[in-house]
Amino acid sequence: MTAAPAPSQTSVLPRSWWWGFLPFAAASAVHIGARAVEATDIAEPTKLTLMPLLAIAALWGARGVVRGPAGRMLPASLLLAALFFSWIGDGAAAFFPSAPELPVMLGSFGVAHICYIWLLARYAAAGRIPRWALVFPLWWVLMLVVLWPALGGLALAVAAYGIVLAGTAATAARCRPMVAAGGLLFLSSDTILACRIFLPEQMPDWTNPLVMLTYCAGQALIVAGVLRTWRDGR
């Protein structure tokens, strides 16, 4: 008879592991609430605190995991780089006031997604891409069909961004369910945002806070899922 494997010591994480996410969760709630009531004077500054706070949560959760040889620092660096370029995308208007906001956003988040794809494929994947992930190339085609007449000179940039966005969602599908859910929420957030930008007359007001609700939840689930994967030794 084969002996049952010993339970993982990290299968149940200590409660203190989640404390690092509390400031991010609080700031997200304030920001989303401010968006819901159109309190721009609160929504804009709190938006710039989100990714730095999530980076702090990532560093807190990675304690004792990412140590040792320099090679172990690469996955942590990729995670922090993804959050950094997401932060640049969030603050495109504030950081680059003289530049057109949307191209800066697309470029910054494009780099963030490339970091996520590399990170998830190399350091968090649990298997092959599932068959249901075929929905992502179909999503890309559908989005281009719907948005193309309104894209104008940004058509190629939006198409390219859609590829890396779908790439993150598809790569996340290879990972544990928490990461896969995060990838889906991130894609949902950008889908809603794209429709709000290019088809504003068709989008109700309640989709404004929904963009950030799905965005914050998606980013947090990806980060937490990746950290859990590393702590489980996968």
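Just above sits the structure.
Residues numbered from 1 in each chain as written. Predicted model: local features only at pLDDT ≥ 70, side-chain atom pairs only at ≥ 80, totals over all residues. Heavy atoms only, no water.

Caption draft 1: Broad picture of the nonpolar core. In terms of nonpolar packing, the biggest core is built from 66 residues, with Leu54, Tyr116 and Val223 touching the most fellow members. Elements represented by at least two residues in this core include exactly helix H1 (22-36), helix H2 (40-61), helix H3 (73-90), helix H5 (101-123), helix H6 (135-151), helix H7 (155-172), helix H8 (177-198) and helix H9 (207-231). For this core, the leading source of residues is H9, giving eleven residues. With residues up to four places along the chain from it excluded, the contact list for Tyr116 reads Leu79, Ala82, Leu83, Thr168, Phe186, Gln219, Ile222 and Val223. (Core = buried A, V, L, I, M, F, W, Y, C linked by side-chain atoms within 4.5 Å. Buried < 20%, exposed > 50% of the residue type's maximum accessible area, 1.4 Å probe, protein only. Helix = DSSP H or I, 4+ residues; strand = E, 2+ residues; numbered from the N terminus. Contact = heavy atoms within 4.5 Å.)

Caption draft 2: Inspection of the environment of Ala55 at higher detail. On the secondary structure map, Ala55 appears in helix H2. Its relative accessible area of 17% is what places Ala55 among the buried residues. On a C-alpha basis, the gap between Ala55 and Phe21 in space is 9.4 Å, while along the polypeptide they are 34 residues apart. Each residue touching Ala55, except ones within four places of it in the same chain, is listed here: Leu80 and Leu83.

Caption draft 3: Structural detail: the side chain of Thr168. Examined against the element boundaries, Thr168 turns out to sit in helix H7. Given a relative accessible area of 1%, Thr168 falls into the buried group. Within the local environment of Thr168, its side chain forms a polar contact with the side chain of His113, the two groups lying 2.9 Å apart. Among residues more than four places away in sequence, those in contact with Thr168 are His113, Tyr116, Ile117 and Leu120. (Polar contact = N/O pair within 3.5 Å; in protein donor to acceptor, adjacent residues only side chain to side chain.)

Caption draft 4: The packing of H1 against H9, seen in detail. Where H1 contacts H9, the two axes come as close as 8 Å, and the packing angle between them is 165°. For the element pair H1 / H9, the angle class is roughly antiparallel. Where H1 crosses over H9, the handedness of that crossing is right-handed. In this structure, H1 uses Phe24, Ser28, His31, Ile32, Arg35 and Ala36 to contact H9, whose residues at the interface are Asn208, Pro209, Met212, Leu213, Cys216 and Ala220. Its residues placed into classes, the contact of H1 with H9 shows eight nonpolar, three polar and one charged. (Axes fitted to C-alpha atoms, helices over the stretch in contact; angles between N-to-C directions. Parallel < 35°, antiparallel > 145°, perpendicular 65-115°, else oblique. Left-handed = near helix turned anticlockwise from the far one by under 90°. Nonpolar A, V, L, I, M, F, W, Y, C, P; charged D, E, K, R; others polar.)

Caption draft 5: The arrangement of the packing of H2 against H3 in detail. Viewed as axis vectors pointing N to C, H2 and H3 meet at an angle of 175°, and their least axial separation amounts to 8 Å. Considering the angle they form, H2 stands roughly antiparallel to H3. Packed against H2, whose contacting residues are Lys47, Leu48, Met51, Pro52, Leu54, Ala55, Ala58 and Leu59, the element H3 presents Leu79, Leu80, Leu83, Ser86, Trp87 and Asp90 at the interface. Of the residues belonging to the contact of H2 with H3, the class tally is eleven nonpolar, one polar and two charged.

Caption draft 6: Representation of the packing of aromatic side chains in the model. For the coordinates displayed, the defined rule picks out seven aromatic pairs. On the numbers, 5.2 Å between centres and 80° between planes, the contact of Phe84 with Phe85 is edge-to-face. On the accessibility criterion, Phe85 (28% relative accessible area) is partly exposed. Consider the rings of Phe84 and Trp87, whose centres lie 6.1 Å apart with planes at 50°: the pair is tilted. Of the two residues, Phe84 and Trp87 are both situated in helix H3; the distance of three residues between them amounts to about one turn of the helix. (Phe/Tyr/Trp six-rings, centres within 6.5 Å; stacked < 30°, edge-to-face > 60°.)

Caption draft 7: Molecular detail of unusual backbone geometry. Phi is positive for Glu38, close to 60°, though the residue is something other than glycine. Of note, Glu38 is situated in the loop between H1 and H2.

Caption draft 8: Molecular detail of the pattern of salt bridges. The full count for this structure, using the stated rule, is one salt bridge. Taking the shortest distance from any N to any O, the salt bridge between Asp232 and Arg176 comes out at 3.0 Å. Of the two residues, Asp232 is situated in the segment after H9 and Arg176 in the loop between H7 and H8; the sequence distance between them amounts to 56 residues. Under the relative-accessibility criterion, Asp232 is labelled partly exposed at 23%. Residue classification places Arg176 among the buried positions, given a relative accessible area of 13%. (Salt bridge = Lys/Arg side-chain N within 4 Å of Asp/Glu carboxyl O.)

Caption draft 9: Structural detail: a nonpolar patch on the surface. There is a patch of nonpolar side chains on the surface, built from Val141, Leu142, Val145 and Val146 and spanning about 360 Å² of accessible area. With respect to the helices and strands, the residue Leu142 is situated in helix H6. Given the relative accessible area of 53%, Leu142 is considered exposed. (Patch = residues over 30% accessible without salt bridge, like charges linked within 9 Å, V, L, I, M, F, W, Y side chains within 5 Å. Areas by Shrake-Rupley, 256 points an atom, 1.4 Å probe, with all protein chains shown as cover.)

Limitation: the analysis is restricted to geometry and does not speak to function.
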